[in-house]
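Single-letter residue listing:
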Amino acid sequence: MKQNDLIIVGAGPTALTAAIYTTREDIDTVLIEKGAIGGLIATTDWVDNYPGFAEGISGLDMADRFQKQAERFGAVIELDEVLSIKPIDKLIAVSTTTGERLAKAVLIATGSDYKKLGIPGEDTYYARGVHYCATCDGAFYRGKRLVVTGGGNSAVQEALFLTKFATHIDLLVRSTLKASDVLLHDLEKNEKITVHLGVTTDEIIGDGSRVTEVIGTDIRTNKKIEFVTDGVFIFIGLKPTAEFLRSTAIEFDSIGFIKTDENLRTAIKGVFAAGDVRSGATMQVASACGEGATAALRIREYLEGHSQKV
Amino acid sequence: MVKDITIYTTNTCVYCVMVKKWLGSKNISYNEVNLDVNPERAQEPVDLTGQLAVPVTVVTKDDDSKEVIVGYNLAKLAPAVA
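Scoring rules and cut-offs
Residues numbered from 1 in each chain as written. Chains lettered and ligands numbered in written order. Predicted model: local features only at pLDDT ≥ 70, side-chain atom pairs only at ≥ 80, totals over all residues. Pairing = 2+ DSSP bridges. Helix = DSSP H or I, 4+ residues; strand = E, 2+ residues; numbered from the N terminus. Contact = placed C-beta atoms within 7 Å. Axes fitted to C-alpha atoms, helices over the stretch in contact; angles between N-to-C directions. Buried ≥ 20, exposed ≤ 12 C-beta atoms within 10 Å, placed from the backbone. Core = buried A, V, L, I, M, F, W, Y, C linked by C-beta atoms within 7 Å. Domains from an automatic or database assignment. Nonpolar A, V, L, I, M, F, W, Y, C, P; charged D, E, K, R; others polar.

Novice: Explanation requested: the sheet that holds strand β9 (residues 145–149) of chain A in the structure shown.
Specialist: Strand pairing in a sheet relies on backbone hydrogen bonds, with the paired strands running either antiparallel or parallel. Residues and elements named next belong to chain A. A sheet is described by the order of its strands in space; here five strands give the open sequence β8-β15-β9-β10-β11, paired in parallel fashion. Across the chains shown, the open sheet's two edge strands, defined by having one partner strand only, are β8 (130–131) and β11 (193–197). The strands that helix α4 (residues 153–162) touches are β9, β10 (168–173), β11 and β15 (231–234); relative to β9, the one it contacts most, it runs at about 170°.

Here it is in structure tokens:
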């Protein structure tokens, strides 16, 4: 069976930063990624708040740079899905869709994914008018009308991105806008976007093959509002990608994020967690990278102790 | 046996990049139709899948049968190109 010093589950900013650090210490490191290398940041149109890029950088370019830097020092990225992990003696067995391998330490850096609204029509019209990735599917809405749901940084940024294609966007915000001032300033200047504050998104209606309408409610008046649209993009927050660990001894908080101690150790010896999947994470790419570096240093210490025992 | 692979992509779609990276890692060649460069062809993947999404990978076999895969889905992509 294959064995590595460190297996990192995920290949987003946390994972790739950790890999840069560990491979520079000659720690044999494999990353296993089931989705996009770069994680959610790779689906982000533009990153303006990461130090070192004075003019900003596209999420796709940033992910590519992270990957190249990690690979330069010897990190190996495998495109596969981890199904479970299990401690065996002093090692951790990592089961994937293509087999099982062992590691002295494992870092869970699976990040998070966009939440669903859970409303009627959302699943029915998935990819037929309901979307969660503007950079992926926005191009299908050239000259069309759109609804975007959410009021945070992602919702506002992706709505702004979608104005490259759409003629008009209704931005439905359940409470208030929580995006950064820079984004709010851009939003204010953009004549293609109409912001609807205090409006819920209740139902997605279509003609059987395409979305035609979104039904919302004005919370103040309790009146239903119909938004005629060709599609809806949903950005209402993030959920941790950690379901595959539910049957393990790893502990979770009430929302499902992984609990760790201050050294990023989980309840399983030799298994660490960092980045957006960890309870208390700030969901920022800069802090994800910081946690990746911290995890790498803690793992190095752990492996030093591990070598003395094995 | 696989005769031909065509991927419909856009410039900003990371999952399109992942399909290309995965095929590249297996030394499998493919044709790419970038819908940002060729917007007049945007209806083709929609007609194939009924969905407004990329990537769409069309695997044509030697007998001219076609397998169409939406998204970056290794569980479907791997057997389709095997």
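Novice: Hey, could you run me through the pairing of strand β6 (residues 99–108) of chain A in this one?
Specialist: Residues and elements named next belong to chain A. Burial within β6 is extensive, with seven of its 10 residues counted as buried. When strand β1 (residues 3–9) meets β6, the two strands line up parallel, connected through six bridges. Bridged to I7 within β6 is V106. Pairing between strand β5 (residues 91–96) and β6: five bridges, direction antiparallel.

Novice: What's the story with the environment of S279 of chain A in this structure? I'm lost.
Specialist: All names here are of chain A. Tracing the sequence through the fold places S279 in the loop between β17 (271–273) and α6 (285–309). A C-alpha to C-alpha distance of 13 Å links S279 and N263, two positions 16 residues apart in sequence. Discounting chain neighbours no more than four positions away, the residues touching S279 are D253, F257, I258 and K259.

Novice: I would appreciate a short explanation of the nonpolar core in the present structure.
Specialist: Across soluble globular proteins, you tend to see nonpolar side chains buried next to one another. Residues and elements named next belong to chain A. Counting 108 residues, the largest nonpolar core has I8, A18, V106, L107, I108, V148 and F272 as the members making the most contacts within it. When residues in this core are grouped by element, the largest group, seven residues, is from α6. A domain-level breakdown of this core finds at least three residues from each of domain 1 (3–114 + 238–309) and domain 2 (130–234). Not counting residues within four places of it along the chain, the set of residues in contact with V148 comprises A155, E158, A159, L162, I169, L171, F233 and F235.

Novice: What exactly am I supposed to notice about the interface of chain A and chain B here?
Specialist: How big an interface is tends to be stated in terms of accessible area lost as the parts join. Of the residues lining the interface, 21 residues belong to chain A; the matching set on chain B comes to 21 residues. At the level of secondary structure, the elements contributing two or more residues to the side of chain A that touches chain B comprise α2 (59–72) and α3 (134–137) of chain A. Taken together, the residues of the side of chain A that touches chain B break down into 10 nonpolar, seven polar and four charged.

Novice: Quick question: what am I supposed to make of the sheet that holds strand β13 (residues 211–218) of chain A here?
Specialist: Residue and element names in this part refer to chain A. Strand order in the open sheet made by the three strands is β12-β13-β14, with antiparallel pairing throughout. Bordering the open sheet on either side are β12 (199–206) and β14 (223–228), each of which pairs with just one other strand. Each neighbouring strand pair of the sheet contributes to a mean axis angle of 25°, computed without reference to strand direction. Inspection of the sheet shows β12 paired to β13 by seven bridges, in the antiparallel sense. Paired with G206 across the strands is V211, a residue of β13.

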